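An overview of the molecular structure
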Amino acid sequence: MTTIYETTPDAGPDVDLDDDRTRLQAELDEDFDRELNRDPDEPAATSIPDVEGVEVGPRRGVRTATLDEKFNVVGALAGALALSTLLFGWIGPLTGVIGWFVVAFLAFLGFYMLLVSLRSDFQEVKDRVATVLMVSAGVILFGALVFIVVYTLTRGSEALPFVNFFTETMELTGPLDPLSSGGILHAIVGTLIQIGIALAITIPLGITTAVFLNEVGGRFARFVRTIADAMTALPSIVAGLFVYAAIIQLVTHQRSGFAAAMAITVMMLPIVIRASDVVLRLVPGNLREASYALGTTRWRTVWHVVLPTARSGLVTAVILGTARGIGETSPVLLTSGVTAVMNVNPFSGPMISLPLQVFDFVRSPEPTMIARGFGTAAVLILLVLTLFIVARMIGGKGAGQLSDRQRRAATAESIRDLHRITMLDDRRYLTRSPNPNPEDDPA
Amino acid sequence: MTDKDVFQTIDDVFLDDGFDRFERTEVIAGSGEENAGHEGDRAAGAGGAGGSGGGTDEGDGSGAPRPRSLASRRSTSDTVFQTVAFAAGATTVGIMLAVGLFLSIRAGSALSVAGIGFLFEQQWSPETQTFGIAAVLFGTVTIALIALCVGVPLALGTALLLSEVVRGKLRSFLVSLVDLMAAVPSIVFGLWGVFFLQAAIIPVAEWISRYLGWIPIFAVTGDDGAVLTEASAFTSSAFIAGIVVGLMVVPTQASVMREAFSQAPIGEREGAFALGATRWGMIRTVVLPFGRGGIIGGTMLGLGRALGETIAVYMIISPLFTINWQVLKTGTNSVSALIALRYGEASEFGLSALMAAGLVLFLITLVVNFTASSIVARSRSGAESL
């Protein structure tokens, strides 16, 4: 049922609007009355069509490629492989694996364009080629990156099966000794000590600074944020040079694990501040406002609302910062010093860490030392990978998103709170009430 | 619990001990005609409530309430909290400024000796007072530019792939993979560059120099101008270092770009599709213009990392203290590799010269990073992506 509210045919600029409006209002009222008094059995203005007995076909896939399109890819690929093999094997003067790939790729693009253009217009061809380019960029990138990691792990697997690689130091092992002697325990311990000191400084300082930026604010906070952003640009080698000149040369006069930890701190601090800042900014403002509206102080709002809400994100920020800090070689190169001996005292004597140990191993021309270098790099990669996976598991969720278990716990707790508040307060009120007959109380 | 009980409880709580701590809303008795205009102004200033209060209320003797002061007294815990937070911020700034100031001051003594020639001198021998960063800076920039040439197309393609083509679980897996790759230690890239890529890429470099050698930067010639063809002339070049650094910075670039692309408004995408655009047509007209800030910002962030990269470059290149235009030829240098190479044997003055080089590098990366973040923040894709 559709009503069209026509204006008068000669409706011009001089039409009396008031008159028009009254007429429209009258029509509307009429419609309204009709709807109001409508017989309920009469079909309504909108009705759901009856699908009883109508055949429903299979759902059409909107993302699948047709056989034609699939053939285009396969055919172009086969043609390209054949052509480049032919060029490299028999006809052309071309050699080399990388050259073969380049030629095959170009031939594939050409054939594919040709095949697509048989059936489609130019726009379609452009779309297909762009998709191929995007996919190949992704394949090259992921291929290269995964290959880098797998290559290191594979070359490292030569040294990894030896248990002594993890339980001994290089103190008594020379460059010519086989892999069954010597290990990197001292580097593992060194890395743990250095990153531990760096974290002990970075976590409180970084998170408190991020809280300062977000919860206190003001002109100084903006200045702090600018400075922290600027320091993310500090090349790590310059951080190392600073610690070398300021701490080692002026104060301690020797390279030490502590100096290396300081260099890592200078490098990690801006990263952690920036990442935590982003996470804290994601905490919904209405949670804070609800907390303030209940009359809490700022400190309690931060401690009981903001930080718990952002906990997973903060943990992620710290872990990712740790992964960066563990892997950095250049600040450590200048500050920690190279040693083959276990040293657990960060304040005296050189203390090597994993990345520096890799660097030191592969400087040697001996194959066993290079194998040790790759083994150490594999340990380093596995460490970073583990940290990363842990970070993902903890911090895959945004601020305030709870897992099912946490949500159930929160619900249970609020029910308990409700009981406690209502029942206890009732009881207390009854025992404390000075007026046994509240109905008479005028208040 | 009846309503009355609740009110009673609230009264108990408030009248018990708590209420005295709060500043009460003060009610001023309207003091007749002479105050009426003043009162009205105040009330209007407080947000328009009772705007003409002074004029109408004089009959019952009570005027409009004076606006309540919004300033509250801080509790002790708040004072402590704010002081601690402020102290943390100040400490951070202190550390950062200490680094900057220390570098500047220590660099000053070398810079005052070298003067403006520091930027134009190629040799590096602080012992003889002839030192400058022309060669190392040139090497740094060439390596970073090659890295960008390798990285940006890959990053752009991957970012578009992740935001437009791939969906579902595969997308989230690949996005985490990109983030993971950003955390792979640079020494691993260096190892790969030295032990694998070097050997694999030399035929490509030879091919480029043979067929594109007429372009000056691709030529590889000896000191006498003769064309070099043996493989040893192609090792440890800026080209190889650039490729490795390029792969290192791609994850950073790709994640910034993807972030910008994925924020392209769905309405505009659908509008493009509704007008009959293909996917590439939609990307070209909606996603790329929208994400331009992200592309530029991501590229420059990658540039900043590429300029400061040390250990992978240091492992691959063979240091050279002259400007080498031939990027395929052995020998180049970079500021960070120079620092790693010379810090150990440096005298007090040599260290100061290294600090000056580090300071210049820092200033360059600083400018690059700030430009990047301001471009990203000003772009349509928004300030949130950084």
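This structure is a prediction, so every number in the text was calculated from the model and none was measured.

Notes on the overall build of chain B
Counting secondary structure elements, chain B contains 14 helices and two strands. Relative to its 386 residues, chain B shows a buried fraction of 48%. Expressed as a percentage of contacts within chain B between residues at least 6 apart in sequence, the contacts between residues at least 24 apart total 73%. Put simply, chain B shows about 17,900 Å² of open surface, and 63% of that area lies on carbon and sulfur atoms.

Describing unusual backbone geometry
Even without being glycine, A:His253 reaches a positive phi, approximately 60°. The exposed category is assigned to A:His253, whose relative accessible area is 58%. Positive phi, close to 65°, is recorded for B:Gln129, a residue that is not glycine. With respect to the element layout, B:Gln129 can be found in the loop between strand 1 (124-125) and strand 2 (130-131). Take B:Gln129: its relative accessible area is 45%, and that puts it in the partly exposed class.

Considering the packing of aromatic side chains
Applying the stated rule across the entire model yields 26 aromatic pairs over all chains. With a centroid separation of 5.2 Å and 70° between ring planes, the pair formed by A:Phe374 and B:Phe195 is classed as edge-to-face. Here A:Phe374 is found in helix 15 (residues 367-395), whereas its partner B:Phe195 is found in helix 7 (residues 186-211) on a different chain.

What to know about the side chain of A:Arg372
Residues and elements named next belong to chain A. Summarising the element assignment, Arg-372 is placed in helix 15. For the buried Arg-372, which has no salt bridge, the nearest side chain bearing the opposite charge is Asp-177, at an N-O separation of 6.1 Å. At 2.9 Å, the side chain of Arg-372 and the backbone oxygen of Ser-181 are in polar contact.

Some words on the packing of helix 4 (residues 122-156) of chain A against helix 7 of chain B
Contact geometry of helix 4 of chain A with helix 7 of chain B gives a least axis separation of 10 Å together with a crossing angle of 80°. When the axis of helix 4 of chain A is compared with that of helix 7 of chain B, the two are roughly perpendicular. Of the residues in helix 7 of chain B, those touching helix 4 of chain A at A:Leu145, A:Phe147, A:Ile148, A:Tyr151, A:Thr152 and A:Arg155 are B:Val188, B:Phe189, B:Leu191, B:Trp192, B:Phe195 and B:Phe196. Its residues assigned to classes, the contact of helix 4 of chain A with helix 7 of chain B shows ten nonpolar, one polar and one charged.

A word on the nonpolar core
Within the largest apolar cluster, 192 residues are counted, with the highest numbers of intra-cluster contacts made by B:Trp124 and B:Leu354. Considering each element in turn, this core owes the most residues, 15 residues, to helix 8 (residues 238-262) of chain B. If you look at the next biggest cluster of nonpolar residues, it comprises eleven residues, including A:Ala80, A:Leu115, A:Val116 and A:Val132.

Considering a nonpolar patch on the surface
Residue and element names in this part refer to chain A. Taken together, Val-97, Ile-98, Phe-101, Val-102, Phe-105, Leu-106 and Leu-133 make up a surface patch of nonpolar side chains, about 630 Å² in accessible area. If you tally residues by element for the nonpolar patch, the top one is helix 3 (residues 97-119), at six residues. The topology assignment puts Leu-133 in helix 4. Residue classification places Leu-133 among the partly exposed residues on the basis of a relative accessible area of 42%.

Rules and cut-offs
Residues numbered from 1 in each chain as written. Chains lettered and ligands numbered in written order. Predicted model: local features only at pLDDT ≥ 70, side-chain atom pairs only at ≥ 80, totals over all residues. Heavy atoms only, no water. Helix = DSSP H or I, 4+ residues; strand = E, 2+ residues; numbered from the N terminus. Buried < 20%, exposed > 50% of the residue type's maximum accessible area, 1.4 Å probe, protein only. Contact = heavy atoms within 4.5 Å. Areas by Shrake-Rupley, 256 points an atom, 1.4 Å probe, with all protein chains shown as cover. Phe/Tyr/Trp six-rings, centres within 6.5 Å; stacked < 30°, edge-to-face > 60°. Lys, Arg positive; Asp, Glu negative; His and termini not counted. Salt bridge = Lys/Arg side-chain N within 4 Å of Asp/Glu carboxyl O. Polar contact = N/O pair within 3.5 Å; in protein donor to acceptor, adjacent residues only side chain to side chain. Axes fitted to C-alpha atoms, helices over the stretch in contact; angles between N-to-C directions. Parallel < 35°, antiparallel > 145°, perpendicular 65-115°, else oblique. Nonpolar A, V, L, I, M, F, W, Y, C, P; charged D, E, K, R; others polar. Core = buried A, V, L, I, M, F, W, Y, C linked by side-chain atoms within 4.5 Å. Patch = residues over 30% accessible without salt bridge, like charges linked within 9 Å, V, L, I, M, F, W, Y side chains within 5 Å.

That is the geometry; function is a separate question.
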